[in-house]
Amino acid sequence: VGIEALSLQLGSSHASGIFSAHAVDGNLTLVSGATLSSSSQVNLSAYGDESNLTIGSGAAVTSSGGIALAVQSSGAHRITNNGELSAEGNLTLTAGQMTLAGGSLHGSSVSLNSANPINLGATANAANTLELTASDLGSVSNSLITVNSTRSAAAGNIALSAPLSIARSLSLNTDGGITLSAPL
């Protein structure tokens, strides 16, 4: 199933193959309580000047394969998860900013990708920075968490600014620098 529109609000749907939805120049929202499921792969994306992707409260996206959510990987383009994302394969989120603490993420691995500077343990909401709080990272269950800076090589691509205690494996990847200002 493939859907493309300027902006999308999705209700419940099931695909026996790949399910893809793309908002060309607006927001993509899975409405509260809705369920998307696929026996293969779910791809949701929103690309435009001010595009964001939101999984509403109580909504669920499930896949026997993988799930990929994407907006522009820099600036203030945000993925917000207030629902449940559950994949038997990989779960990949790509955005300039993310709010994940309101929902849950389940997959064989979870990759969080951004071209913005990345701040782990942050408690503020700085502009044009992917700030992942302890609660955001705590929304991932039973998975390897990989945080990828896709920004070109520059010092300070990933920073740990506050103490974090994570009960699962964490991998930090960047071509630039990693600054640890607090215990991990």
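For the structure, see preceding data.
Residues numbered from 1 in each chain as written. Predicted model: local features only at pLDDT ≥ 70, side-chain atom pairs only at ≥ 80, totals over all residues. Heavy atoms only, no water.

## Considering the overall build of the chain
Next up, step 1: Broken down by element type, the chain carries one helix and 23 strands.
Next up, step 2: Taking 16 Å as the expected radius of gyration for a compact globule of 184 residues, we find that the chain reaches 16 Å, a close match to that expectation.
Next up, step 3: Once the C-alpha set of the chain is aligned to its principal axes, its extents read approximately 45 × 35 × 25 Å.
Next up, step 4: When burial is assessed residue by residue, the chain has 47% of its 184 residues classed as buried.
Next up, step 5: Taking the intrachain contacts of the chain between residues at least 6 apart in sequence as the baseline, contacts between residues at least 24 apart amount to 48%.
Next up, step 6: About 7,600 Å² of surface is accessible on the chain, with carbon and sulfur atoms providing 47% of the total. (Helix = DSSP H or I, 4+ residues; strand = E, 2+ residues; numbered from the N terminus. Rg over C-alpha atoms; globule rule 2.2 N^0.38 Å. Buried < 20%, exposed > 50% of the residue type's maximum accessible area, 1.4 Å probe, protein only. Contact = heavy atoms within 4.5 Å. Areas by Shrake-Rupley, 256 points an atom, 1.4 Å probe, with all protein chains shown as cover.)

## Considerations on the environment of Leu44
Next up, step 1: Tracing the backbone through its elements, the reader meets Leu44 in strand E7 (residues 41–46).
Next up, step 2: The class of Leu44 is buried, set by a relative accessible area of 1%.
Next up, step 3: Not counting the four nearest positions on each side in its chain, Leu44 is found in contact with Leu10, Phe19, Ala21, Leu28, Leu36, Leu53, Ile55, Ala68, Leu69 and Ala70.

## Points about the sheet that holds strand E3 (residues 13–15)
Next up, step 1: Read across the open sheet, the six strands follow the order E3-E6-E9-E12-E15-E19; overall the sheet is parallel. Every interior strand has two partners, whereas the edge strands, E3 and strand E19 (140–141), have only one.
Next up, step 2: Pairing between strand E12 (residues 84–87) and strand E15 (residues 104–106): three bridges, direction parallel. Counterpart to Glu84 in the pairing with E15 is Ser104. (Pairing = 2+ DSSP bridges.)

## A few points about the sheet that holds strand E21 (residues 158–160)
Next up, step 1: Spatially, four strands are ordered E18-E17-E21-E23 in an open sheet, and the strand pairing comes out parallel. Two strands in the sheet have a free side with no partner beyond their single neighbour: strand E18 (130–132) and strand E23 (178–180). Looking at each pair of strands side by side, their axes are set apart by 15° on average, direction ignored.
Next up, step 2: Sheet topology note: the strand E17 (residues 118–120)/E18 ladder contains three bridges and is parallel. Opposite Leu120, over in E18, you have Leu132 as the bridge partner. (Axes fitted to C-alpha atoms, helices over the stretch in contact; angles between N-to-C directions.)

## Digging into the pairing of strand E11 (residues 78–81)
Next up, step 1: A two-sided burial pattern is seen for E11, the buried positions comprising Arg78 and Thr80 on one face and Ile79 and Asn81 on the other.
Next up, step 2: As paired strands, strand E8 (residues 53–55) and E11 are joined by three bridges and run parallel to one another. Looking across to E11, one finds that Ile55 is bridged to Asn81.
Next up, step 3: Where E11 lies against strand E14 (residues 97–99), three bridges are found, and the strand directions are parallel. Residue Ile79 lies in a different strand from E14, and its bridge partner there is Met98.

## Side note on the environment of Ser111
Next up, step 1: Considering the arrangement of structural elements, one finds Ser111 in strand E16 (residues 109–114).
Next up, step 2: Among the residues examined, Ser111 registers a relative accessible area of 16% and is labelled buried.
Next up, step 3: Along the chain, Ser111 and Leu164 lie 53 residues apart, while their C-alpha atoms are 18 Å from each other.
Next up, step 4: Apart from residues no more than four positions distant in its own chain, Ser111 is found in contact with Leu91, Thr92, Leu93, Thr146 and Asn148.

## A word on the environment of Asn125
Next up, step 1: For Asn125, the position within the fold is in the loop between E17 and E18.
Next up, step 2: Residue class for Asn125 comes out exposed when judged on its relative accessible area of 57%.
Next up, step 3: C-alpha separation for the pair Asn125 and Leu30, spaced 95 residues apart in sequence, amounts to 24 Å.
Next up, step 4: Asn125 has contacts with Arg78, Gln97 and Glu131, leaving out every residue within four places of it along the chain.

## Digging into unusual backbone geometry
Next up, step 1: Even without being a glycine, Asn128 presents a positive backbone phi close to 55°.
Next up, step 2: A residue is classified by how much of its surface remains accessible, and Asn128, at 42% relative accessible area, is partly exposed.

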